[in-house]
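# Inside the fold
Next come the chains, spelled out residue by residue.
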Protein chains: 2
Amino acid sequence: PDWEIVEVDGEEQLKRTFKLKNFAQAQAFTNRVGDLAEEVDHHPVIVLEYGKVTVHWWSHEIHGLHKNDFIMAARTDEAFNA
Amino acid sequence: PDWEIVEVDGEEQLKRTFKLKNFAQAQAFTNRVGDLAEEVDHHPVIVLEYGKVTVHWWSHEIHGLHKNDFIMAARTDEAFNA
């Protein structure tokens, strides 16, 4: 499934779950997303588990979604497909 | 706060949130815990976010807690304090 908009504690977030082959690959993808986040100083929540990574993007400052979150979602997809 | 036992989807889990200084340090700690998990082939859920890492240990196979989970919780603490 693609990105969906979910509401968490009253704030809209972009959320997508990525399937990976095992834990090591999920950890490696977590690091790729983390490195992207550090590059732009905008940080998601990343849930790392066996064979699966779930990424949440939103903008704490505005308690919801900003254009940047959609850009980061697209860059996360690129990192996944790279 | 220390480890607490929480129930998620009807299964008991050990859960603890660790405070870190920023995202990069949270990511580094996530990797330390991930590496521990790979060593023993027992995998937690790790929630990585800015300045914070939440770790959940439980045994999927038995739908709950096994001695190993308590051992891994202790090793997670050691990794945090190292």
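In case you missed it, the structure is sitting above this.
None of these values were measured; they are calculated from a predicted model.

In terms of helices and strands, chain A carries two helices and four strands. On C-alpha atoms alone, chain A measures out to a radius of gyration of 12 Å, which is about the 12 Å that the 2.2 N^0.38 rule sets for 82 residues. Viewed in the frame of its principal axes, chain A has a C-alpha envelope of about 35 × 25 × 15 Å. Across the 82 residues of chain A, 50% fall into the buried class. Within chain A, residue pairs in contact and separated by at least 24 positions form 56% of the contacts whose partners lie at least 6 positions apart.

Structurally, B:Glu49 is set in strand E3 (residues 45-49). No salt bridge is formed by the buried B:Glu49. Its closest oppositely charged neighbour is B:Lys52, at 4.3 Å. Residues in contact with B:Glu49, not counting those within four places in the same chain, are A:Pro44, A:Val45, B:Phe23 and B:Ala26.

Right, let's talk about helix H1 (residues 23-40) of chain B for a bit. For H1(B), spanning 18 residues, the distance from its first C-alpha to its last is 26 Å, which sits close to the expected 26 Å at 1.5 Å a residue. For H1(B), every residue scored as buried is listed here: B:Phe23, B:Ala26, B:Gln27, B:Phe29, B:Thr30, B:Asn31, B:Val33, B:Gly34, B:Leu36 and B:Ala37. Its buried side turned inward, H1(B) meets helix H1 (23-40) and strand E3 (45-49) of chain A together with strand E2 (11-19), E3, strand E4 (52-57) and helix H2 (67-81) of chain B. The opening residue of H1(B) is B:Asn22, an N-cap whose side-chain oxygen sits 3.2 Å from the backbone nitrogen of B:Ala24. At the C-terminal side of H1(B), B:Asp41 shows a positive phi close to 55 degrees.

On to the side chain of A:His43. By the element assignment, A:His43 lies in the loop between H1 and E3. Sequence-distant contacts of A:His43, defined by excluding residues within four places in its chain, comprise A:Ala37, A:Glu38, A:Trp57, A:His60, B:Phe23 and B:Tyr50.

Now for the sheet that holds strand E1 (residues 4-8) of chain A. Taken together, the eight strands give an open sheet; going across it, the order is E1(A)-E2(A)-E4(A)-E3(A)-E3(B)-E4(B)-E2(B)-E1(B), and neighbouring strands pair in antiparallel fashion. The open sheet is flanked by E1 of chain A together with strand E1 (4-8) of chain B, the only strands paired with a single partner. Neighbouring strand axes in the sheet, compared pairwise and without regard to direction, differ in orientation by 25 degrees on average. Examined bridge by bridge, E3(B) and E4(B) share five bridges and lie antiparallel to one another. For B:Val47, the partnering residue across the bridge sits in E4(B) and is B:Thr54. Of the strands in this sheet, strand E2 (11-19), E3 and strand E4 (52-57) of chain A together with E3 of chain B are in contact with H1(A), which crosses E3(A) at around 165 degrees. Seen against the sheet, H2(B) touches E2 and E4 of chain B and runs at an angle of roughly 5 degrees to E2(B).

Calculation notes
- Residues numbered from 1 in each chain as written.
- Chains lettered and ligands numbered in written order.
- Predicted model: local features only at pLDDT ≥ 70, side-chain atom pairs only at ≥ 80, totals over all residues.
- Heavy atoms only, no water.
- Helix = DSSP H or I, 4+ residues; strand = E, 2+ residues; numbered from the N terminus.
- Rg over C-alpha atoms; globule rule 2.2 N^0.38 Å.
- Buried < 20%, exposed > 50% of the residue type's maximum accessible area, 1.4 Å probe, protein only.
- Contact = heavy atoms within 4.5 Å.
- Lys, Arg positive; Asp, Glu negative; His and termini not counted.
- Salt bridge = Lys/Arg side-chain N within 4 Å of Asp/Glu carboxyl O.
- Expected span 1.5 Å × (residues − 1).
- Polar contact = N/O pair within 3.5 Å; in protein donor to acceptor, adjacent residues only side chain to side chain.
- Pairing = 2+ DSSP bridges.
- Axes fitted to C-alpha atoms, helices over the stretch in contact; angles between N-to-C directions.

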